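Geometric and topological summary
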Amino acid sequence: MSDHPLVPADFVVPRTLAAEGFRLEPLGEQHNDSDLAAWTSSIDHIHATAGWTGGWPPAEGMTPERNLADLRRHAADFEHRRAFTYTVLESPGDAVVGCIYIHPDREDPATTRVSSWVRADRAELDAPLYRAVSAWLAADWPLRAVRYSPR
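In short, a report on the structure. (Residues numbered from 1 in each chain as written. Predicted model: local features only at pLDDT ≥ 70, side-chain atom pairs only at ≥ 80, totals over all residues. Heavy atoms only, no water.)

What about unusual backbone geometry?
The line we're drawing: Secondary structure counts use DSSP, requiring at least four H or I residues in a row for a helix and at least two E residues in a row for a strand, with both numbered from the N terminus.
Each neighbour pair has its own omega, and for Ser-91 with Pro-92 the value is 5 degrees, a cis peptide bond. The phi torsion at Arg-81 lies on the positive side, around 65 degrees, for a residue other than glycine. Note that Arg-81 resides in the loop between helix 3 (64–79) and strand 3 (84–90).

This is the structure in structure tokens:
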């Protein structure tokens, strides 16, 4: 991850996005238990999600402490404007149903890479989440090029 901000200093980073059936808010340590439960229930589904690469989530899972460390790292990246991770919360309600990652592309720093996952039992939200986030990024964010695998 780059130490350079992903967005200009004068850009006010959105704190939320609300859509039919879900809303986004910055991922933080308050989500630890529900985030851990969400992704551990859906490891195979996440690995099969369009555009998903890398070794996360680990098939063996994580301890709550290790997951909390990851959430703290994501929150620090958000605070320093290097990358932005949002939890996807059911709406109405507060259940964690997924996650959105907005970060610089490793191969091309001029491109922003976006990835997302939803719980297997909420797979029907994958395409609406993709459409809502794509429109939000295009309308409200100062990103030059975005790579986000279509659903």
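What about the pattern of salt bridges?
Under the convention used in this document: Every case where a carboxyl oxygen of Asp or Glu lies within 4 Å of a side-chain nitrogen of Lys or Arg is listed as a salt bridge. Accessibility here uses a 1.4 Å probe with only protein chains present; expressed as a share of the type maximum, an area under 20% marks a residue as buried, one over 50% as exposed, and anything in between as partly exposed.
Enumeration according to the criterion identifies nine salt bridges in this entry. The salt bridge partner of Asp-77 is Arg-82, with a shortest N-O separation of 2.9 Å. On the basis of relative accessibility, which here comes to 16%, the residue Arg-82 falls in the buried class. One network of salt bridges, in which partners are shared, links Glu-90, Arg-122 and Glu-124.

Notes on the side chain of His-74
So the rule is basically this: Any two residues whose heavy atoms approach within 4.5 Å at even a single point are treated as in contact.
Mapped onto the fold, His-74 is located in helix 3. The exposure class assigned to His-74 is buried, which follows from its relative accessible area of 13%. When residues no more than four places from it in sequence are discounted, the contact partners of His-74 are Leu-27, Thr-85 and Tyr-101.

Some points on the packing of helix 1 (residues 32–40) against helix 3
Note the threshold: To obtain an axis, a line is fitted to C-alpha atoms, over the contacting stretch when the element is a helix, and the angle between two such axes runs from 0 to 180 degrees between their N-to-C directions. Roughly parallel covers angles under 35 degrees, roughly antiparallel covers those over 145, roughly perpendicular covers 65 to 115, and oblique covers all other angles.
The contact between helix 1 and helix 3 brings their axes to 10 Å, and the two run at 105 degrees. In terms of axis orientation, helix 1 runs roughly perpendicular to helix 3. Of the residues in helix 3, those touching helix 1 at Asn-32, Asp-35, Leu-36 and Trp-39 are Pro-64, Asn-67, Leu-68 and Leu-71.

Focus: the packing of aromatic side chains
Heads up, the rule is: When the centres of two rings from Phe, Tyr and Trp lie within 6.5 Å, Trp using its six-membered ring, the rings pair. Their planes under 30 degrees apart give stacked, over 60 give edge-to-face, and anything left gives tilted.
For the coordinates displayed, the defined rule picks out eleven aromatic pairs. A ring pair is formed by Tyr-86 and Trp-136, whose centres lie 5.3 Å apart and whose planes are at 75 degrees; its orientation type is edge-to-face. Of this pair, Tyr-86 sits in strand 3 while Trp-136 sits in helix 4 (residues 126–140), placing them 50 residues apart in sequence. Owing to a relative accessible area of 0%, Tyr-86 belongs among the buried residues under this scheme. The class of Trp-136 is buried, set by a relative accessible area of 5%.

Notes on the pairing of strand 3
Stated precisely, the cut-off is as follows: Pairing between strands is defined by DSSP: at least two bridges between them are needed.
Among the seven residues that make up strand 3, six are buried, leaving the element largely enclosed by the rest of the structure. Two strands pair when backbone bridges link them, and strand 2 (residues 22–26) and strand 3 are joined in this way by five bridges, in the antiparallel orientation. Bridged to Glu-25 within strand 3 is Thr-87. Pairing of strand 3 with strand 4 (residues 96–104), which is carried by six bridges, proceeds in the antiparallel orientation. For Phe-84, the partnering residue across the bridge sits in strand 4 and is Ile-102.

Things to note about the sheet that holds strand 2
With mixed pairing, the six strands of this open sheet are ordered in space as 1-2-3-4-5-6. Pairing within the sheet leaves two strands with one partner each, and these edge strands are strand 1 (17–19) and strand 6 (145–147). Neighbour-to-neighbour, the strand axes of the sheet open up by a mean angle of 20 degrees, direction not taken into account. Lying on the sheet, helix 3 is in contact with strand 2, strand 3 and strand 4; it crosses strand 3 at an angle near 120 degrees.

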